[in-house]
Amino acid sequence: MPIFADPGYGDHSCLLFRTQAELVQAAVPFVQAGLERGDRAVVLGNRPYLEVLRRELREGGLPVDDHSRKPGVRFENGSAGSSHQRSPADLVGFLQALYTQTLQSGFPGLWILADSSWFPAVDRKPEELLSPEALLEAFVGGKRIAVTCCYPRDESSPEVLL
C-alpha cells in the first residue's frame, strides 16, 4: 500500500525513514505516480542507499537514467557542486532551472525525490532544516511539480521529529 495518498502537483511532503526498505516502500510508488502522468522524475542525492532505490526502480521495469525514453527517472548526485557549497537559495535556483528545462523538454510536470544529503549543509537543528523546507514549500506552489524530501531518522534530532 502506498504511503502517499494520491500525490499531485503542488505537493511538498517530508518522509522520515529508518531503513532502506522504508525508503523504497515510499519512494517507488511516488516516482511511479509521476511517471504514470507522463512527467519527469528526478532523484536528488548521493548516499549509498540511493543505489538500492535505483536498482528497485530498474527491477520494477521503470526507465532509469535512460534519457532517450519519456517519461523516465533521472538520478542527480550533486556533481554540479557539493551540497556543502550550496545555500538554500542556490537549491531553489537549481530546482527552478530543472523545472524550466523539464517543461521545455515537453514534459507536463516534474516529480522530485530529494534525499537530505543533497540539501545545503546544516547542523540538523530544527531552525536550519526548516529554512530549505520553507523555501521548497513556497517554490512548489502553483507549479506542476511534486516534491518529497527524505530524511533518515537516525540523523534527525528529536526536536525535528516532534
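Going by the structure above, here's the rest.
Predicted model only: the values in this text are computed from it and were never measured.

Peer 1: Give a detailed account of helix α2 (residues 49-59), specifying residues and quantitative values.
Peer 2: Residues of α2 that are buried include every one of Y49, L50, V52, L53, R54 and L57, and no others. Here the buried face of α2 lies against β1 (12-17), α1 (20-36), β2 (40-44), β3 (73-76), β4 (110-115) and β5 (145-152). Directly after α2, the chain includes G61, whose backbone phi takes a positive value near 85°.

Peer 1: Just give me the short version of the sheet that holds β5, but keep the residues and values in it.
Peer 2: With parallel pairing, the five strands of this open sheet are ordered in space as β1-β5-β4-β2-β3. A single partner strand is all that each edge strand has here, and the edge strands are β1 and β3. For this sheet, the mean angle separating the axes of adjacent strands, direction not counted, is 20°. Inspection of the sheet shows β2 paired to β4 by five bridges, in the parallel sense. Its bridge partner lying in β4, V43 is registered against L113. Where α1 meets the sheet, it contacts β1, β2, β3, β4 and β5, and its direction lies at approximately 160° from that of β4. In the packing of α2 onto the sheet, the strands contacted are β1, β2, β3, β4 and β5, and the crossing angle to β3 comes to about 165°.

Each value, and the rule that gives it
- For every chain, the first residue of the written sequence is number 1, and numbering continues from 1 onward in sequence order.
- Given that the model is predicted, a residue must reach a pLDDT of at least 70 before its local features are reported, and side-chain atom pairs must reach 80 or more before they are shown or counted; all residues, however, enter totals for whole chains, interfaces and linings.
- Side-chain measures were taken over the full set of non-hydrogen atoms in the model, leaving aside hydrogen atoms and water.
- Here's how the labels work: a residue is buried when its accessible area is under 20% of the maximum for its type, exposed when over 50%, partly exposed in between, all with a 1.4 Å probe on protein chains only.
- Comment: elements are numbered from the N terminus, with helices defined as DSSP H or I runs of at least four residues and strands as E runs of at least two.
- Note on definitions: a residue-residue contact is assigned when non-hydrogen atoms from the two residues lie within 4.5 Å.
- If DSSP finds at least two bridges between two strands, the strands pair.
- Lines are fitted to the C-alpha atoms to define the axes, a helix being fitted only along its stretch in contact, and any angle between axes, read from their N-to-C directions, falls within 0 to 180 degrees.

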